[in-house]
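Commentary on secondary and tertiary structure
If you want the building blocks of each chain, they are given just below.
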Amino acid sequence: MMRLLHVIGVLINLFLIVGCGSRSVPLRETQVINGLAITLETLEHPRINTAVDFIVVLQDDQGNPVSDANVYLDLDMPAMPMGITRPVALPEGEGRYWARTAYTMEGVWEITVIVEREETTYRATFRRDVLK
Ligand SMILES: [Cu+2]
């Protein structure tokens, strides 16, 4: 009986995790800057004061992954200066980089992805509307 209850508990947990995931699906957007395709994948409807993951994917103009860049983000609100939030995105290989940070206010934020590679700096800016 205990074992059955345990199994049911695990199933309910799985259901909750899947349920949450489907409510907050990451949105993928790509900008091509001087031949470098910069893709940002992060929550479409993020909430304030909650850890948020940012995946950056880089591809050159041949479609090859770019894994040797320095990548960081710069988060700010267009309506007001919010101080400095510049998390470094750590390389995961295959042209993927990962960062995690939190938005500290509701409203529109700009997420600028800065890529430094071979003396060149690339910048792509994306937007998210952060909910309370
Ligand atoms: Cu603000």
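Above: the structure in question.
Bear in mind the structure is a predicted one, so any value in this text is a computation, not a measurement.

This brings us to the overall build of the chain. Of regular secondary structure, the chain possesses 1 helix and 9 strands. In the chain, the succession of helices and strands from N to C terminus is α-β-β-β-β-β-β-β-β-β. Sorting the 132 residues of the chain into buried and exposed places 17% on the buried side. Within the chain, residue pairs in contact and separated by at least 24 positions form 53% of the contacts whose partners lie at least 6 positions apart.

All right, on to the pairing of strand E4 (residues 70-77) then. Both faces of the sheet carry side chains from a regular strand, because those side chains alternate between them. Inspection of the sheet shows E4 paired to strand E8 (residues 107-117) by 7 bridges, in the antiparallel sense. Within E8, the position partnered with Val71 by the bridge is Val115. Bridging between E4 and strand E5 (residues 80-85) involves 2 bridges; their strand directions are antiparallel. The residue of E5 that forms the bridge with Leu75 is Thr85. Taken together, E4 and the strand that follows it, E5, pair antiparallel across an intervening segment of 2 residues.

Each value, and the rule that gives it
- Residues numbered from 1 in each chain as written.
- Predicted model: local features only at pLDDT ≥ 70, side-chain atom pairs only at ≥ 80, totals over all residues.
- Helix = DSSP H or I, 4+ residues; strand = E, 2+ residues; numbered from the N terminus.
- Buried ≥ 20, exposed ≤ 12 C-beta atoms within 10 Å, placed from the backbone.
- Contact = placed C-beta atoms within 7 Å.
- Pairing = 2+ DSSP bridges.

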